[in-house]
Amino acid sequence: MSGVKFELQKEVFESTKERLHGVVTVQKTNRKKKIPAYLCITGSIERPIRFTIYLVKKTEKGFKRKQEWTLSSLKESNYKSKESLEFDLQLEKSYHWLAQSVEEKDAFFALLHQICSRMHRPPKFLNFHIDEEDEATRNVNMAIVSVPKDTQMIESGDEEFGLTEREEFDLEKVLGRAENAVVNAEAFMEQLAKELSILDGENIHSIMDSEAQVNSLMDSIDKSISQLEEIENELVDYEDAVTHVKSAVEKIEEENSQMGTAAKNNQHLLSELTNLIRALDFPVGSQILNADFNSVEGIAKATKDAYALKEALNIEENIHPALLKMRSVADQKRRLEKFKQKFSQNLMSHLAKLFIHHGNISSIDSSSTVQALRLPIINLMYNELTPYTKLMGWLKVMDSEAYGSLLKTYTLSIQKIYEKNVRILFEEARTRISGSATTSGKLSGSTNDLRIRGRFFGKTRSLANREGDTESQGSGEGSVDSSERQHFYDILEQVLEGLEPSVNTEEKFIASFFCLEIGSSSSGNVSIVSPSKGSAGGELRRIMSSLFSAIETELNSFLTNYEKMEASFCMGAMVRLGNHALKAENTSTYIGMIFGSVLVQEKRSFDRLMNSYVQAINDSRLPRKAKPGILAFVTDFEDFAVMAESIFGNSARRSDLEKWYVKMLTAVFDGIMRLAGESGKTPGEVIRMENFHRLHSILSRLKVPALEQQKKDAKIKYNEALNGYVTKYFGRPLIKLNEFFEGVQAKVSQGVKESEIGYQMAFSRAELKRVIKEYPAKEVKKGLESLYRKVEKHLSEDENLLQVVWRAMQEEFIVQYKSIESLISRCYPGSKITLEFTIDDILLFFSEIAQSH
Amino acid sequence: MSPKTTTPSLHKVIMVGSGGVGKSALTLQFMYDEFVEDYEPTKADSYRKKVVLDGEEVQIDILDTAGQEDYAAIRDNYFRSGEGFLCVFSITESDSFQATQEFREQILRVKGDQSVPFVLVGNKSDLEDRRKVSKEDAENRAAEWGVPYVETSAKTRTNVDKVFFDLMREIRVRKDVEGGDKDAPNKHKKRKKLKCSIL
Ligand SMILES: Nc1nc2c(ncn2[C@@H]2O[C@H](COP(=O)(O)OP(=O)(O)OP(=O)(O)O)[C@@H](O)[C@H]2O)c(=O)[nH]1
Ligand SMILES: [Mg+2]
């Protein structure tokens with residue numbers, strides 16, 4: 001037996017950390033086959049100790065746990081009798097086993113009883129009694145139960161449940177009491193045994209006492225359990241009842257909501273139908289086709305009906321697309337579509353007739369207004385057409401093809417009027433220009449009559465090759481006088497002013513009548529008429545261009561024609577066009593755009609003209625006369641500037657002019673310097689002096705702030721030339737004296753002492769005396785007189801600078817005299833050498849020269 | 001320039017007077033309608049302008065001269081060339097009024113003509129608070145000389161045109177009196193005289 005126990009411990013319970021306390025070999029009572037099995041009691045090694053009962057079977061592979069129960073699940077154990085091997089254990093159910101031997105059964109029960117006796121609610125033991133013998137046996141068996149090798153287990157045989165802390169404490173106390181009496185071990189043991197039996201007894205008593213109480217508690221628990229079960233049953237009944245009611249209520253609810261939906265659907269259907277009928281309804285019906293387009297009332301009614309029709313045809317926007325599939329809807333739509341087709345046809349033919357009619361009557365008599373240089377405004381037509389504006393808007397949306405063709409008809413009919421009137425207007429303008437110019441005759445006839453006088457910068461060229469024919473090179477500038485010029489500009493101004501109202505009115509009319517305003521909501525539909533330009537603005541511009549294409553052509557040819565006779569006309573044209581293009585009422589209108597584009601052209605002509613002026617200055621030559629005087633391009637610049645100022649004033653184009661002023665002046669400055677360098681008889685200084693003096697005066701009078709620097713430069717250049725001229729010529733009367741003293745000065749600057757100059761060969765006193773001798777007062781006077789004559793000869797009448805120059809020369813002559821005198825006194829001290837004339841002599845000569853003319 | 005059928009008659013005016021009295025200021029105001037605050041002493045400057053004098057287009061040549069000249073004789077030449085004189089002083093400066101006497105004498109000597117067109121000009125009339133020369137004194141002197149006296153301000157342009165136009169009128173009157181040989185230009189006469197003196 002112990003061998004089996006050892007094996008079991010090793011093979012089955014080692015792994016689960018349990019200790020096998022007892023085992024009994026059993027077989028089930030109701031089984032024929034006697035397979036041996038082992039019923040084992042184990043306790044866990046770990047604390048707290050859990051006791052378990054196992055049924056282990058031995059198979060070929062070894063032991064196998066078949067079943068297990070916790071010890072607490074043991075409710076009852078029946079020992080049966082000492083003679084029988086049978087015993088029962090009431091676990092989760094009742095088990096009947098047959099032990100192998102009575103000894104094993106006894107030992108097992110003893111162990112079971114012992115362990116259970118410690119439990120809180122020990123199971124019932126039936127037919128089992130503990131006696132002394134049994135107890136003894138049990139003790140023996142206990143030893144057997146213990147694992148022999150585990151010495152600790154043997155020693156603590158009594159306390160195999162392990163020691164609680166309290167127990168340990170008590171034990172120590174007991175042992176501690178007997179410490180001195182170790183010698184008397186036997187007495188001590190006896191005492192201990194006695195105490196133990198007393199304690200055991202007490203223990204059993206207390207256990208027995210509490211049993212009755214526990215039993216009664218158990219009973220009452222059992223009772224309450226059974227009561228609870230009753231209540232539960234009742235609750236289940238109630239729940240069943242409630243479940244029935246709930247499903248009934250749910251059903252009712254569902255039905256209710258279905259009814260609601262149905263009602264709502266009906267309402268929807270009704271409103272949808274009402275909507276549909278209202279949308280499709282067109283009460284006027286075919287009467288729309290009898291619309292009267294000839295009276296204002298008729299037009300108003302037709303407009304109203306047409307828009308109602310439009311509304312009806314617009315069903316797609318108002319109703320659900322699915323409804324369109326309804327037959328009646330489709331039918332009605334077809335019917336309305338037909339109305340629309342017919343109506344728009346009627347409208348189109350009526351309007352087309354009107355357009356053509358007006359195109360014809362308006363072009364018959366309009367020359368009377370054109371005579372006032374005003375392009376007539378076709379008010380008659382506008383008045384008649386305006387009532388149709390809304391219908392036109394309708395047509396544009398509803399029948400873009402008809403709209404497009406009407407637009408074309410309109411353009412073609414009205415184009416004729418404007419083309420003709422524009423032509424008449426410009427013809428009238430031409431007549432007026434030539435008519436009034438008969439006195440001077442410059443602009444009156446053909447270009448052959450024009451004498452190209454070559455004023456302005458053209459003159460310089462014609463003078464350069466006087467032999468050549470002037471006509472061949474004339475660009476025509478300067479061929480008219482200022483009153484003719486003014487007249488031309490006045491007429492141009494009238495033409496520009498006369499064009500504006502009519503063109504602007506037409507543009508406004510078209511924009512509103514054909515719904516072409518930029519940003520108009522239905523602009524998308526225009527794309528049929530003008531596939532390339534999508535925007536209404538582009539379309540408007542296109543129509544305006546076809547109506548008024550004549551304006552740009554006529555204006556251009558008008559200007560080009562007169563600029564051929566007088567190139568400088570482009571200046572005034574530029575200013576006028578600029579002013580008109582900038583006018584508030586012309587911004588972003590067609591006429592404003594035309595003016596702008598012609599302006600660009602005029603600006604180009606202007607630049608070309610200015611360039612030709614600059615070129616003319618650069619190409620200019622010195623005139624072949626004794627005194628060049630004021631150069632032609634200088635006076636030309638003045639004339640040009642005076643004219644340009646009168647034209648440009650403070651207009652917006654002024655900056656264009658000022659740019660050219662600067663370029664031109666650069667050319668003028670360069671030209672003066674260049675020609676002064678080329679001059680023959682007349683000193684270059686005189687040419688520079690006179691011309692820069694004049695230029696300064698011109699610029700002073702012009703007072704253009706942008707030319708302030710040029711003005712200052714002219715003054716500087718004038719003074720430079722004056723000083724240059726004076727120093728170059730004032731020395732002439734005393735030339736030898738001057739040369740002599742220039743030599744003296746040179747020596748001095750080389751380091752010769754002034755007092756030792758007299759010892760130099762070339763500058764000895766004798767030499768000085770010799771030179772001085774050559775200038776007696778009479779000679780000096782002659783020299784001064786010839787100098788005066790020379791200056792008079794050099795200077796031109798143009799600039800009146802004789803007095804200025806002569807004053808400067810007199811001043812310089814005195815300065816020179818004084819410097820010679822002081823040099824003599826310094827270089828030839830004590831020599832008593834003096835010039836043969838005094839300063840008073842000089843002043844007298846000056847007075848005499850003054851008196852002599 | 002192609003000769004024009006009617007050459008406008010030319011009047012030669014000389015500005016005389018002490019330094020700083022406003023000769024240049026008057027000239028610039030008359031010529032260009034501008035007033036220069038800065039003082040820059042003049043040596044000699046020539047101006048030319050076309051004006052309409054009593055409906056007739058005439059040309060005026062103005063010679064603006066130096067107030068300070070070391071040698072008075074230098075002036076002889078341009079006094080000689082002048083046809084009329086604006087003798088300017090500043091009403092704020094007694095010395096300048098005093099100096100007009102000398103200018104007058106030199107002009108009469110050079111021109112050899114007691115009745116040469118001449119206007120006595122009291123300039124800077126805008127500076128009334130700094131007046132040193134009474135109107136009466138100036139008028140008395142003018143009366144003594146038998147010439148008009150005008151007070152001007154180059155700054156405010158008061159009487160600026162008046163002095164020039166008054167003088168031009170006198171010059172024109174003188175020319176008419178002188179002999180009516182309008183056809184012969186002035187320079188021709190001068191040439192003759194010059195040649196004579198050389199010969
Ligand atoms: N308040 C005032 N100042 C003036 C007037 N005329 C001239 N001035 C000032 O007086 C100063 C001299 O003027 P100028 O015109 O240069 O004098 P000027 O007579 O030409 O002098 P010189 O050339 O040296 O002979 C300048 O600073 C002028 O601004 C005037 O009428 N009123
Ligand atoms: Mg001055």
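Residues numbered from 1 in each chain as written. Chains lettered and ligands numbered in written order. Predicted model: local features only at pLDDT ≥ 70, side-chain atom pairs only at ≥ 80, totals over all residues. Heavy atoms only, no water.

### A short note on the pairing of strand β3 (residues 56-65) of chain B
Residues and elements named next belong to chain B.
Okay, so step 1: Of all ten residues making up β3, eight are buried, and the element is well covered by its neighbours.
Okay, so step 2: Where strand β1 (residues 10-17) meets β3, six bridges bridge the pair, whose relative direction is parallel. Pairing of Val 13 across the sheet is with Ile 62, part of β3.
Okay, so step 3: Direction of pairing for strand β2 (residues 44-53) relative to β3: antiparallel, over a ladder of ten bridges. Across the sheet, the residue bridging to Tyr 47 is Ile 62, located in β3.
Okay, so step 4: Taking the residues that link successive antiparallel strands as the turn, the β2-β3 hairpin has two residues, and the phi of Asp 54 there is positive, at about 50 degrees. (Buried < 20%, exposed > 50% of the residue type's maximum accessible area, 1.4 Å probe, protein only. Helix = DSSP H or I, 4+ residues; strand = E, 2+ residues; numbered from the N terminus. Pairing = 2+ DSSP bridges.)

### Regarding the sheet that holds strand β4 (residues 62-70) of chain A
Residues and elements named next belong to chain A.
Okay, so step 1: Here eight strands make up an open sheet; going across it, the order is β4-β3-β2-β1-β7-β6-β5-β8 and the pairing mixed. Here the strands that pair on one side only, and so sit at the sheet edges, are β4 and β8 (124-126). Averaged over all pairs of adjacent strands, the angle between strand axes in this sheet comes to 30 degrees, irrespective of strand direction.
Okay, so step 2: One ladder, built from three bridges, connects strand β1 (residues 18-28) with strand β7 (residues 94-99); its direction is antiparallel. Residue pairing across strands places Val 26 opposite Ala 99, the latter belonging to β7.
Okay, so step 3: Across the sheet, helix α2 (residues 102-117) touches β1, β2 (37-44), β3 (51-59), β5 (76-78), β6 (86-90), β7 and β8, and the angle it forms with β1 is around 135 degrees. (Axes fitted to C-alpha atoms, helices over the stretch in contact; angles between N-to-C directions. Contact = heavy atoms within 4.5 Å.)

### So, the site of ligand 1
Residue and element names in this part refer to chain B.
Okay, so step 1: Around ligand 1, the structure places 25 residues, and the nearest of them are Lys 23, Glu 37, Tyr 39, Thr 42 and Asp 126.
Okay, so step 2: Take Gly 22: an N or O atom from its main chain is 2.9 Å from an oxygen atom of ligand 1.
Okay, so step 3: The contact in question runs from an oxygen atom of ligand 1 to an N or O atom on the side chain of Tyr 39, over 2.5 Å.
Okay, so step 4: Protein chains bury 92% of the 640 Å² of accessible surface belonging to ligand 1 in isolation.
Okay, so step 5: The biggest single contributor to the shell around ligand 1 is helix α1 (residues 23-32), with three residues.
Okay, so step 6: Along the lines of polarity and charge, the residues of the shell around ligand 1 split into nine nonpolar, ten polar and six charged. (Near = heavy atom within 4 Å. Polar contact = N/O pair within 3.5 Å; in protein donor to acceptor, adjacent residues only side chain to side chain. Areas by Shrake-Rupley, 256 points an atom, 1.4 Å probe, with all protein chains shown as cover. Nonpolar A, V, L, I, M, F, W, Y, C, P; charged D, E, K, R; others polar.)

### A closer look at the packing of helix α2 (residues 73-81) of chain B against helix α3 (residues 94-111) of chain B
Residues and elements named next belong to chain B.
Okay, so step 1: Packing of α2 against α3 leaves a shortest axis separation of 9 Å and a crossing angle of 60 degrees. Classified by the angle their axes make, α2 and α3 are oblique. As for how α2 packs across α3, the hand of that crossing is right-handed. Packed against α2, whose contacting residues are Ala 73, Arg 75, Asp 76, Phe 79 and Arg 80, the element α3 presents Phe 103, Gln 106, Ile 107, Arg 109, Val 110 and Lys 111 at the interface. (Parallel < 35°, antiparallel > 145°, perpendicular 65-115°, else oblique. Left-handed = near helix turned anticlockwise from the far one by under 90°.)

### A short note on the coordination of the magnesium ion (ligand 2)
Put simply, a metal with four donors set out as a tetrahedron has ideal angles of 109.5 degrees, and one with six donors set out as an octahedron has ideal angles of 90 or 180 degrees.
All names here are of chain B.
Okay, so step 1: Summarising the metal site, the magnesium ion (ligand 2) is bound by the protein donors Ser 24 (OG) and Thr 42 (OG1), whose distances to it range over 1.8 to 1.9 Å. Residue Ser 24 is located in helix α1, and its partner Thr 42 is located in the loop between α1 and β2; the two are separated by 18 residues in the primary sequence.
Okay, so step 2: The class for Ser 24 is partly exposed, based on a relative accessible area of 23%. (Donors = N, O, S within 2.8 Å, 3.2 Å for Na, K, Ca; no water.)

### Here we look at a nonpolar patch on the surface
Okay, so step 1: The grouping of Leu228(A), Ile231(A), Leu235(A) and Tyr238(A) at the surface amounts to a nonpolar patch, some 460 Å² of accessible area in total.
Okay, so step 2: Turning to its location among the elements, Leu235(A) is positioned in helix α6 (residues 185-280). (Patch = residues over 30% accessible without salt bridge, like charges linked within 9 Å, V, L, I, M, F, W, Y side chains within 5 Å. Salt bridge = Lys/Arg side-chain N within 4 Å of Asp/Glu carboxyl O.)

### Focus on the pattern of salt bridges
Okay, so step 1: Applying the stated criterion across every chain yields a total of 46 salt bridges over all chains.
Okay, so step 2: Here Glu507(A) makes a salt bridge to Arg541(A), at a shortest N to O gap of 3.7 Å. Taken as a pair, Glu507(A) in helix α16 (residues 482-513) and Arg541(A) in helix α17 (residues 536-565) lie far apart in primary sequence, 34 residues in all.
Okay, so step 3: What makes Glu507(A) buried here is its relative accessible area of 8%.
Okay, so step 4: A salt bridge links Glu69(B) to Arg807(A), with the nearest nitrogen and oxygen atoms 2.4 Å apart. Residue Glu69(B) is located in the loop between β3 and α2, and its partner Arg807(A) is located in helix α27 (residues 802-827); the two belong to separate chains.
Okay, so step 5: Salt bridges here are not isolated pairs; linked through shared partners, they connect Asp54(B), Glu56(B), Lys162(B), Asp166(B), Arg169(B) and Arg172(B).

### Points about the interface of chain B and chain A
Okay, so step 1: Contact residues are listed per partner, giving 30 residues for chain B and 36 residues for chain A.
Okay, so step 2: With both sides pooled, the region where chain B packs onto chain A buries about 3000 Å², and carbon together with sulfur makes up 50% of that total.
Okay, so step 3: Our count for the contact surface shared by chain B and chain A stands at 20 residue pairs in polar contact (both at pLDDT 80 or more).
Okay, so step 4: Secondary-structure elements contributing two or more residues to the side of chain B that touches chain A are α1, β2, β3, α2, α3 and α6 (186-198) of chain B.
Okay, so step 5: Per-element accounting of the side of chain B that touches chain A gives the leading share, seven residues, to α2(B).
Okay, so step 6: Residue classes in the side of chain B that touches chain A are distributed as twelve nonpolar, four polar and 14 charged. (Buried area = accessible area lost by both parts, 1.4 Å probe.)

### Considering helix α28 (residues 839-851) of chain A
Okay, so step 1: A rise of 1.5 Å per residue sets the reference length of α28(A), with its 13 residues, at 18 Å; its end C-alpha atoms lie 18 Å apart and thus fit the reference within 8%.
Okay, so step 2: Listed in full, the buried residues belonging to α28(A) are Ile839(A), Ile842(A), Leu843(A), Phe845(A), Phe846(A), Ser847(A), Ile849(A) and Ala850(A).
Okay, so step 3: Residues of α28(A) that are buried sit in contact with α26 (777-794) and α27 of chain A together with α2 of chain B. (Expected span 1.5 Å × (residues − 1).)

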